[in-house]
Amino acid sequence: MSQPQKRPSEDIDHEDGKRPNPQRTPRIRACAECKRHKIKCDPVDGESKCAKCLRSGTECVPYNMNQRLLDEDASWKANAAVEIAQLRSAVQTLLRHNRLPDLDRIKDLPVTSPESRRQSEITVKASPGHTGNENGTAMVVPPIAMDMTRENSVERDSVEDADLVTAPMRSLYDLTRIRNLRSNVKLRPGQNPELEDFIAQGVVSLPEAEDLFRHYFQGLRLYLWGGVLCPYDSLDAVRTRSSLLTAVVLTIAALHTPGRDDALEKCYGVFVSGAYSACLSRVQSVDDIRALLLAAFYLSNLSWKLSGAAVRNATEMNLHQSFNKLMRGHEDHRDKVRLWYVLYVCEHQLSIAYGRPPIIHEDIAIKNIEQFLDSPETKPGDIRLSAQVTLFKILTEAYIAYGSDPEQPLTEPDFQRLRMFNFAIEQWRLAWQARSVDSPTIGSYPSKGVVLYYHFARFQLNSLALRGLPPPSAVTSETLSYDRREAANIAITAATSTLTLIFEEPDLRRAMSAVPIFTHTMIAFCATFLLKMAKTWGSAAQVRSPESAGEPIGLGLNFNTAQVVSLARRSATFLAKVAENLSEKHLTRHIVHGINLLLKQLDMMGTPSSSVDHTFPAYNVPQGQHANGHYDPNQPNGVSAVDFGHGDMANAYNMYDLIGSYGFGMDEAFLGQVASTDLDFWQRENF
């Protein structure tokens, strides 16, 4: 069988007879131009273009879809890099315009967890052309995603299985294991170890923050029960524990320092931004609760809402159970019990001040406060705090008994119980004034503070006797019974004693620039009550009809109009001196302005002091608007002359409308509810 013949090699120069690889052209597909004309693409040796592209002089680009995508991607990236550079330049310009740190100094923080999102929040002052809220503050609050994730382990804990009777939500959590259903969330330990907060980001410089913290630590901290709401002695310690607590401490310090309005706005904005997130965050710390409470004590426009948020977050952390654990020997819960008592005082102060029902009831910790004090770990601040808890326990009982309806007068049987409340207040002073030891730092403020709250409590309780009564012209001695007159006279005496005590005690006068807003509200409440009484009941003896000729002069009320006006002027003068050492945003300046307006109104209406000319400064009145809120374009700067005769100013305070001046629910002309992001606290809504 013949073998198949092999084809001879075409390359005679190759010895082994193998054919070498042919010389291939670099293009294996038609170019885009030939593809478009649907013709054959003929490559030309030694050229990078095909014959068609050489003849027409066009660019010879291979028709390759992948290559085309790569080319387009490279072009997009180049354009994006140029646009990013332009945006970066624009942002740098905006930061410099608003006197903020450069973009390179702002660190990128992770936003995968609620606590990291809250640390990354920055509130900056927006320029006039930017979109913001009513006062130009742009609030950066990242949205919180709805988390319905389950716990990593589905195994039941042996302790949980041992609890037969649990809260309903606990049972639901045991079934679903959804994290957000847990009522006993784990407490977040000290966070922010690298100090990546608003100070590190340059919102407030470190030297300024150090100076503000030093002012708070030395001048303000001890007035709230020995510093229970800020137990740290350095700025770094506070920053390590809570950025929210740091922001509110610096805000309060700036509010109590003149000339620090710029720092106040920045710190206040950072705190409000953090407080927004804290209200919805599932992960909390004890220091975050302290921050909310500090703001509730010192920031009038946030006090009510923040106190409620603090109570809700604290109960979610089971602080209301700390007393039982402390009684079982767990000393690590003592600070949490203190914090629970502070929550009670704060919430009940504001409940009585605004005439609204409280959230915290008289639980086992409130009833057994003496057991808390019966310990070698008791501090002087614990005594003062316990005194406040006991006092507001009495006042809350009175609030529940009499309510806060300003048009509901007390009946005659109510006065018997009112005497019991008065007796309880007397006993309270005897028990706690002696136990409140004076301090080398704040002097006799602890013991004198007990006396101050004693007078104010008596005034607040007994002023209920005048609630809901008809106008003075229609009141007779039969309407003002002996019991009612007795209680009304106690209220007048207590209001006078409250103001007089502050003027005559040096340590109380010194403390007025550091105490929370509730004390300033006490002064405003007493002054407003006495001035309104001067016009209504004080003038009842001057206008006597024939039908009332047989009635006693003044209807049996121990009231001296000239003395009240003199005391109110003294109050305004004293508070004006206090306001000199505070920020222009502090509530005290506006209280002074309100008292002065009432005094002017009384002078123009014919009180014994009407012949004296008084000029009082108006604080924070916008251009084009005078003190009673009206605009006059015909006057210089748009400010019209104040009309005390028959104009609107005479109706700004209706002297015969005493709603809000008696009992529970203070005169909100001094505590207007404004927007939480509005720094001008005196700009209030119309009631």
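In this numbering scheme, every chain counts its residues from 1 along its sequence in written order. The predicted origin of the model limits local features to residues at a pLDDT of at least 70 and limits the giving and counting of side-chain atom pairs to 80 or more, whereas totals for whole chains, interfaces and linings rest on all residues. To get the side-chain values, take all heavy atoms of the structure and skip hydrogens and water.

Novice: When you look at the overall build of the protein chain in this model, what are you seeing that I'm missing?
Specialist: Strands are runs of DSSP state E lasting at least 2 residues, helices are runs of H or I lasting at least 4, and numbering of each runs from the N terminus. In terms of helices and strands, the protein chain carries 25 helices and two strands. Per-residue burial for the protein chain yields a buried fraction of 49% across its 687 residues. It only takes one pair of heavy atoms within 4.5 Å for two residues to be counted as in contact. Restricting the contact set of the protein chain to residue pairs at least 6 apart, pairs at least 24 apart contribute 71%. Surface exposure of the protein chain reaches about 34900 Å², of which carbon and sulfur atoms provide 52%. Burial classification: accessible surface area is computed with a 1.4 Å probe over protein chains only, and a residue below 20% of its type maximum counts as buried, one above 50% as exposed, and the rest as partly exposed. Note on areas: Shrake-Rupley with a 1.4 Å probe; residue coverage comes only from the protein chains shown.

Novice: Please explain the packing of helix 19 (residues 445-462) against helix 20 (residues 482-504) as it appears in this structure.
Specialist: The packing of two helices is summarised by the inter-axis angle and the distance between the axes. The geometry of helix 19 relative to helix 20 is characterised by a closest axis approach of 7 Å and an angle of 150° between their N-to-C directions. Judged by the angle between their axes, helix 19 and helix 20 are roughly antiparallel. Classified by chirality, the crossing of helix 20 by helix 19 is left-handed. Counted together, Lys 448, Val 451, Leu 452, His 455, Phe 456, Arg 458, Phe 459 and Asn 462 of helix 19 and Ala 487, Ala 488, Ile 490, Ala 491, Ala 494, Ala 495, Ser 497, Thr 498, Leu 501 and Ile 502 of helix 20 form the full contact between these two elements. A per-class count over the contact of helix 19 with helix 20 returns twelve nonpolar, four polar and two charged. Comment: axis = line fitted to C-alpha atoms, over the contacting stretch for helices; angle = value between 0 and 180 degrees taken between N-to-C directions. For classification purposes, angles smaller than 35 degrees are called roughly parallel, those larger than 145 roughly antiparallel, those between 65 and 115 roughly perpendicular, and all remaining angles oblique. Crossings are classed by handedness, with left-handed meaning an anticlockwise turn of the near helix from the far one by less than a right angle and right-handed meaning a clockwise turn. Residues are grouped as follows: nonpolar covers Ala, Val, Leu, Ile, Met, Phe, Trp, Tyr, Cys and Pro; charged covers Asp, Glu, Lys and Arg; every other residue, Gly included, is treated as polar.

Novice: Explain helix 9 (residues 243-255) to me, please; I cannot follow it from the model alone.
Specialist: In a regular helix each residue adds 1.5 Å, so 13 residues correspond to 18 Å; helix 9 covers 18 Å between its end C-alpha atoms and thus fits that length. Where burial is concerned, most of helix 9 is hidden: twelve out of the 13 residues are buried. Considering only its buried residues, helix 9 is in contact with helix 7 (206-219), helix 8 (235-241), helix 10 (261-280) and helix 11 (286-298). Each polar contact in these results corresponds to two N or O atoms within 3.5 Å; when the atoms are within protein, one needs to be able to donate a hydrogen and the other to accept it, and residues that are neighboring in sequence are counted only if both atoms are side-chain atoms. Its side-chain oxygen placed 3.3 Å from the backbone nitrogen of Leu 244, Ser 242 serves as the N-cap of helix 9. Multiplying 1.5 Å by the residue count of a helix minus one yields the expected span of that helix.

Novice: Any chance you could explain the environment of Arg 36 here in plain terms?
Specialist: Of note, Arg 36 is situated in helix 1 (residues 32-37). Arg 36 sits 27 residues away from Tyr 63 along the chain, and the two C-alpha atoms are 9.5 Å apart.

Novice: Looking at this structure, I do not really get the confidence of the model for the protein chain. What am I missing?
Specialist: Confidence along the protein chain averages 75 in pLDDT terms, with 66% of residues attaining 70 or more. Each residue gets a pLDDT score, which is the predictor's confidence in that residue and runs from 0 to 100. A low-confidence stretch, residues 109-142 (pLDDT under 50), is modelled with 78 contacts involving residues beyond four sequence positions or located in other chains. Note on residues 607-662: pLDDT under 50 across the span, and 103 contacts to partners over four residues away in sequence or across chains.

Novice: I'm lost on the side chain of Arg 221 in this one. Help?
Specialist: With respect to the element layout, Arg 221 can be found in the loop between helix 7 and helix 8. In this tally, Lys and Arg are treated as positive and Asp and Glu as negative; His is ignored, and so are the chain termini. Any Lys or Arg side-chain nitrogen located within 4 Å of an Asp or Glu carboxyl oxygen qualifies as a salt bridge. One buried charged residue, Arg 221, remains without a salt bridge, the closest side chain of opposite sign being Asp 233 at 8.1 Å. Sequence-distant contacts of Arg 221, defined by excluding residues within four places in its chain, comprise Tyr 216, Gly 226, Gly 227 and Cys 230.

Novice: Is there a simple way to think about the pattern of salt bridges in this case?
Specialist: Where charged atoms from two side chains of opposite charge approach closely, those side chains can pair. By the definition in use, this model includes 20 salt bridges. For the salt bridge of Arg 214 with Asp 211, the shortest nitrogen-to-oxygen distance reads 3.3 Å. With Arg 214 and Asp 211 both in helix 7, this residue pair falls three residues apart, about one helical turn. Close ionic contact of Arg 458 with Glu 426 constitutes a salt bridge, the shortest N to O distance being 3.6 Å.

Novice: What's the story with unusual backbone geometry in this structure? I'm lost.
Specialist: Outside of glycine, negative phi angles account for most residues, and trans bonds account for most peptide bonds. Here the phi dihedral of Lys 38 falls at roughly 60°; this positive angle occurs in a residue that is not glycine. In this structure Lys 38 comes out as exposed when scored by relative accessible area, which is 78%. Phi at Trp 225 takes a positive value of approximately 55°, unusual for a residue other than glycine. Looking at where Trp 225 falls in the secondary structure, it is placed in the loop between helix 7 and helix 8.

Novice: Honestly, the packing of aromatic side chains in this entry has me stumped. Any pointers?
Specialist: Only rings of Phe, Tyr and Trp enter the pairing, Trp through its six-membered ring, and a pair is recorded when the two centres are within 6.5 Å. The plane angle decides the type: under 30 degrees is stacked, over 60 is edge-to-face, the rest tilted. Applying the stated criterion to the full structure yields 15 aromatic pairs. Taking the centre distance of 5.1 Å and the plane angle of 80° together, the rings of Tyr 223 and Tyr 445 count as edge-to-face. Separated by 222 residues along the polypeptide, Tyr 223 in the loop between helix 7 and helix 8 and Tyr 445 in helix 19 bring together distant segments of the chain. For the pair formed by Tyr 223 and Tyr 445, the shared burial category is buried. Connected via pairs of aromatic rings, a cluster forms that spans Phe 392, Tyr 453, Phe 456, Phe 459, Phe 518, Phe 525 and Phe 529. In this analysis the charged atom, NZ for Lys or CZ for Arg, is taken to sit over a ring once it is within 6 Å of the ring centre and within 35 degrees of the ring normal. Directly above the ring of Trp 304 sits Arg 356, whose terminal nitrogen or CZ lies 5.0 Å from the centroid. The ring of Trp 432 has Arg 435 sitting right over it, with the charged end atom 4.4 Å from the ring centre.

Novice: Whenever I open this one, the nonpolar core confuses me. Can you help?
Specialist: Here is a general trend for soluble globular proteins: nonpolar side chains tend to be buried in one another's company. For our purposes a nonpolar core is just a set of buried Ala, Val, Leu, Ile, Met, Phe, Trp, Tyr and Cys residues, chained together by side-chain atoms within 4.5 Å. With 156 residues, the main nonpolar core has Phe 271, Leu 294, Tyr 341 and Leu 343 as its most contacted residues. In contact with Leu 343, not counting residues within four places along its chain, are Ile 289, Leu 293, Ala 310, Val 311, Ala 314, Leu 319 and Ile 360. Counting residues in hydrophobic clusters, the runner-up holds six residues, among them Cys 34, Cys 41, Cys 50 and Cys 60.

Novice: When you look at the packing of helix 22 (residues 517-535) against helix 23 (residues 561-579) in this model, what are you seeing that I'm missing?
Specialist: Where helix 22 meets helix 23, the closest approach of the two axes is 9 Å, and the angle between their N-to-C directions is 150°. Judged by the inter-axis angle, helix 22 sits roughly antiparallel to helix 23. As for how helix 22 packs across helix 23, the hand of that crossing is left-handed. Touching Ile 523, Leu 530, Leu 531 and Ala 534 of helix 22 are Thr 561, Val 564, Leu 567, Ala 568 and Leu 575, all from helix 23. Residues belonging to the contact of helix 22 with helix 23 are distributed by class as follows: eight nonpolar, one polar and no charged.

Novice: Would you explain the side chain of Arg 260 in this entry?
Specialist: Relative to the helices and strands, Arg 260 is located in the loop between helix 9 and helix 10. Within the local environment of Arg 260, its side chain forms a polar contact with the side chain of Asp 211, the two groups lying 2.3 Å apart. Each residue touching Arg 260, except ones within four places of it in the same chain, is listed here: Glu 208, Asp 211, Leu 212 and Ala 254.

Novice: Got a minute to help me understand the environment of Ala 487 in this structure?
Specialist: Among the secondary structure elements, Ala 487 is positioned in helix 20. Here Ala 487 falls in the buried class, since its relative accessible area comes to 4%. Beyond its immediate stretch of four places on either side in the chain, Ala 487 contacts Phe 415, Leu 418, Asn 462 and Ala 465.

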